[in-house]
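Reading the structure
Here is what each chain is made of, one letter per residue.
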Amino acid sequence: MPLPIVYTIRGCDACVKLLAKWEAQGVAHEERRVELNQATLDEARQYGMMVPIVVWPDGRVEQGFEGSLGCFI
C-alpha cells in the first residue's frame, strides 16, 4: 500500500511537529529530507516552495501543518 510522502528540512518547527504527531498516532509515511540532496529538493519544489509538503497516495498535496506554514526551500 502506498504511503504518504512528506518532504521536510532539518530544524523546521512545523516539520518537527508534523512528524511527532504522526509518530504518536502511528501514521506510516516516507520522509524525504530536502537538504540532503539536490534531486530531492528539486522533486519537492514540483509540489511547493515551503515544507512540510505532504503528497498523499491519491495525489493530493498539502503544505504546512495545522496552520503553520513551515520553512521555505
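Everything discussed here concerns the structure shown above.
What comes next concerns the included structure.

Cut-offs and rules
Numbering of residues begins from 1 in every chain and follows the order in which that chain's sequence is written. Per-residue local features are limited, in this predicted model, to residues with pLDDT of at least 70; the limit for side-chain atom pairs, both in listing and counting, is 80 or more; totals at the level of whole chains, interfaces and linings are taken over all residues. Neither water nor hydrogens contribute to the side-chain values; these are computed over all heavy atoms in the structure. Here, any two strands with at least 2 DSSP bridges between them count as paired. Under the scheme used here, helices are H or I runs from DSSP no shorter than 4 residues and strands are E runs no shorter than 2 residues, and both carry numbers assigned from the N terminus. Here a crossover is taken to be right-handed if, once the strands point away from the viewer, the path from the first strand over the helix to the second is traced clockwise. What makes a nonpolar core is a set of buried Ala, Val, Leu, Ile, Met, Phe, Trp, Tyr and Cys residues whose side-chain atoms join them at distances within 4.5 Å. Exposure classes here rest on a 1.4 Å probe applied to the protein chains alone. A residue is buried below 20% of its type maximum, exposed above 50%, and partly exposed in between. Contacts were defined at the residue level, with two residues in contact if any of their heavy atoms lie within 4.5 Å. In what follows, salt bridge is the name for a side-chain nitrogen of Lys or Arg lying within 4 Å of a carboxyl oxygen of Asp or Glu.

Overview of the pairing of strand S2 (residues 30-33)
With four bridges joining them, strand S1 (residues 5-8) and S2 adopt parallel strand pairing. By the bridge assignment for S2, Tyr-7 is matched with Arg-32. Tracing the backbone out of S1, into helix H1 (residues 13-25) and back to the parallel element S2 gives a crossover that is right-handed.

Considerations on the nonpolar core
The tendency in soluble globular proteins is for nonpolar side chains to be buried as a group. Grouped together as the largest cluster of nonpolar side chains are 18 residues, with contacts concentrated most on Tyr-7, Leu-18, Val-34, Val-51, Ile-53 and Ile-73. Elements supplying a minimum of two residues to this core: S1, H1, helix H2 (38-45) and strand S4 (53-55). Looking at this core element by element, the count peaks at five residues for H1. Contact partners of Ile-73, with chain neighbours within four places excluded, come to Val-34, Leu-41, Ala-44, Arg-45, Gly-48, Met-49, Met-50, Val-51 and Ile-53.

What about the side chain of Thr-40?
If you trace the backbone, Thr-40 turns up in helix H2. Note on Thr-40: relative accessible area 13%, which makes it buried. Apart from the residues within four sequence positions on either side, Thr-40 is in contact with Tyr-7, Arg-32, Arg-33 and Val-34.

Notes on the pattern of salt bridges
Summed over all chains, the structure comprises seven salt bridges. Here Glu-66 makes a salt bridge to Lys-21, at a shortest N to O gap of 2.6 Å. Taken together, the residues Glu-66 in the loop between strand S5 (61-63) and strand S6 (71-72) and Lys-21 in helix H1 connect sequence positions 45 residues apart. Between Glu-62 and Arg-60 there is a salt bridge whose closest N-O contact spans 3.4 Å. Overall, Glu-62 belongs to the partly exposed group, its relative accessible area being 35%. Among the ionic contacts, a cluster of salt bridges with common partners joins Glu-30, Arg-32 and Glu-43.

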